[in-house]
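# Architecture at a glance
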Amino acid sequence: MMSLDYKKYYLRIIELMLLFTILILGLVIRWQGIDTVPYSIEQDEYQWSITAFLNSYNINSSDKGAWTVNYELSQYYPVTFVFDRISFYIFGPDLVSPRKMLIVISTLSLLAFYLFIRRLFPAWTSLITLTLYSFSTYKLITSRIVEASAYIDLFTFVAAYILIAVPFVEGYEGFSLMFLGGLSVVLAMLTYNQGFLLPLVFFMIFVFKVFINRCSIKVVRFYFIAFFLPIIVALPRLIYIAHQEALSQNYALTSLAVSLNGIDLHKLYGNLQTVFIILFLHSSYDMIVNYSGPIVNTLVVVLALIGIVIGLLQIKRYYPILCFFIFMSVPYQLFFGINAPRWWYLSISVIYILAGVVLFNLERILKWLYIRKKRGFLYVLIILLFITISYIIQGEVCRYYYQALYNPSFRSTADREMFEITYKYRSDLGKNIAFIFYNDDWYERDLITNLAASSYNYVLANSNNANNIRNQSRLALNIMNLEEFYDYKQISKINKVVVPYVLYPKIRTYLLSKKYKIKTTYFGKNFDIIFD
């Protein structure tokens, strides 16, 4: 008979093999067709990536058409932009490179997620919870769009794992690990604004851990300084960023139910209704996450609600995840009323961990049936559990492939096409190629966006002389509206003209009236290139 030590060893090997399989399979699904399917770059993501690239050359992206992400914002949240900049060195200067970097970091975040929940659950419950979360439609789609808090969960779960895994005993090894945990919280907060409540969450986890383990004052003080010192040092900067965000994004707080004046019950009820709709009916419109049906599988939500009750009854075991739920998810979704799907980034992970609480109790029931030799009930429950989990995963992955990939985030091809045109003709920028747009609200946006793409690719083609781009105007790169093109005096030097499809008849007629011999190349869905 196999000894206990060998049995544990082989079970650990099996656990690691299954964990590796889940991570690799998730990586493959996310990476599949990243260059071609879908054929687009989401507008904000487009601006974030260009900002990261231009910032690496000390060029203010706000002056070069990156209108959704100003230069100050990129300084507020350096972590996301640093990852984007690194991606260009690893995967090349394509705008898809940050997506590839995100997929790698997202896979690492799943590993951090697993390490955290492994402190709460045994192996099988942890593996099932990870599988459900990893292959959820929400997690799959947000692992392919570099936007908002794309990297926040990696640092959040690293910090959470360290805080609950490191025992409160005297020693400088523990101090170092705790300091690393506090630093991870700071890095999470510097990815984007969804991390502002994390200090409160981790403070409450710390308090619960101290109370439950009845640690001495000396040890508590030692570890408190270790974990919260980086947060305290960074706090003035973080408060300033939060204040600036509140000023610039006050539209996001229109449903704010809590203020210094008290609680607005009407708004609180409205936020509760919105949360119910998002969880049980359909997610609200969002350029990043927009697909039919609820934001999370309904059965997972039901399990999570049951998990809250069990967690409160067994608070000594589940206090870390309850702190995340009570002090982060509830304020954002109910009190602040920020319910755009992108703001559910960390809350979605909380829902799956709470569902894991129920799965763990089901695992205990299965073990009890095994010990009592109730093999009939045991096999029936295992089969039902396997079918249910497989059904959930299959439904989520199919929804990702057949619905999520067709949301607006992935269907607007104009920005991607314009970037590829300017990349293809990067040596001609500012010389013998012109870009023409209408001077109305919609095409004015395209005109500015093209400046961002042209600036990016101009720097790419002239990296040794990138300083030239700092003072170059839109017209210096031959990006102009229709009236400016008609008044252009050096048209004879232009031998390539890029126009939106709707402008093609006017430009063609104009060039023919000037006796230019032209031929047309159809580039894609949005643009024609006219050669003289």
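These numbers were taken from a predicted model, which means no experiment stands behind them.

The rules we used
- Residues numbered from 1 in each chain as written.
- Predicted model: local features only at pLDDT ≥ 70, side-chain atom pairs only at ≥ 80, totals over all residues.
- Heavy atoms only, no water.
- Helix = DSSP H or I, 4+ residues; strand = E, 2+ residues; numbered from the N terminus.
- Expected span 1.5 Å × (residues − 1).
- Buried < 20%, exposed > 50% of the residue type's maximum accessible area, 1.4 Å probe, protein only.
- 1 Å grid on protein atoms, 1.4 Å probe; cavity = no way out; pocket = protein on both sides within 12 Å on 5 of 7 lines; lining within 4 Å.
- Points joined across faces, edges and corners; volume = space filled by probe spheres on them.
- Nonpolar A, V, L, I, M, F, W, Y, C, P; charged D, E, K, R; others polar.
- Salt bridge = Lys/Arg side-chain N within 4 Å of Asp/Glu carboxyl O.
- Axes fitted to C-alpha atoms, helices over the stretch in contact; angles between N-to-C directions.
- Parallel < 35°, antiparallel > 145°, perpendicular 65-115°, else oblique.
- Contact = heavy atoms within 4.5 Å.

A rise of 1.5 Å per residue sets the reference length of helix H8 (residues 152-165), with its 14 residues, at 20 Å; its end C-alpha atoms lie 20 Å apart and thus fit the reference within 8%. Of all the 14 residues making up H8, 12 are buried; the element is thus mostly covered by neighbouring parts of the structure. By the burial criterion, the buried members of H8 are Ile152, Asp153, Leu154, Phe155, Thr156, Phe157, Ala159, Ala160, Ile162, Leu163, Ile164 and Ala165.

What the largest pocket holds in volume is close to 1,100 Å³. As for the largest pocket, its lining consists of 33 residues, and the residues nearest its centre are Ala123, Trp124, Thr125, Ile128 and Glu363. Of all elements in the fold, only helix H1 (4-31), helix H6 (123-134), helix H15 (345-371) and helix H16 (375-402) reach the threshold of two or more residues within the lining of the largest pocket. In terms of residue class, the lining of the largest pocket is built from 22 nonpolar, 4 polar and 7 charged.

Now for the pattern of salt bridges. Scanning the entire structure with this criterion turns up 8 salt bridges. Of the charged contacts in the structure, one is a salt bridge between Lys367 and Glu363, with a shortest N-O distance of 3.6 Å. Remark: Glu363 and Lys367 occur in helix H15; sequence separation between them is 4 residues, near one turn of the helix. Given a relative accessible area of 48%, Lys367 falls into the partly exposed group. Assessed through its relative accessible area of 10%, Glu363 is described here as buried. Several salt bridges share partner residues, and in doing so they unite Arg12, Glu15 and Arg118 into one network.

Turning our attention to unusual backbone geometry. In this structure, Asn58 takes a positive phi of about 55° despite not being glycine. Tracing the backbone through its elements, the reader meets Asn58 in the loop between helix H2 (43-55) and helix H3 (71-76). Phi is positive for Arg214, which is not a glycine, with a value near 50°. When you line up the elements, Arg214 lands in the loop between helix H10 (198-213) and helix H11 (217-248). Residue Arg214 is classed as exposed on the basis of its relative accessible area of 70%.

Another point: the packing of helix H4 (residues 78-91) against helix H5 (residues 97-118). Where H4 meets H5, the closest approach of the two axes is 8 Å, and the angle between their N-to-C directions is 105°. With respect to H5, the axis of H4 lies roughly perpendicular. Across the interface between the two elements, Phe83, Asp84, Ile86, Ser87, Phe88, Ile90 and Phe91 of H4 pack against Ser97, Pro98, Lys100, Met101, Val104 and Ile105 of H5. Split by residue class, the contact of H4 with H5 holds 9 nonpolar, 2 polar and 2 charged.

What follows concerns H6. If you check H6, its first and last C-alpha atoms are 16 Å apart, about what 12 residues at 1.5 Å a residue would give, namely 16 Å. Taken together, the buried positions of H6 are occupied by Ala123, Thr125, Ser126, Leu127, Thr129, Leu130, Thr131, Leu132, Tyr133 and Ser134.

Right, let's talk about the environment of Ser61 for a bit. For Ser61, the position within the fold is in the loop between H2 and H3. With relative accessibility at 0%, the residue Ser61 sits in the buried group. For the pair Ser61 and Val499, spaced 438 residues apart in sequence, the C-alpha to C-alpha distance is 24 Å.

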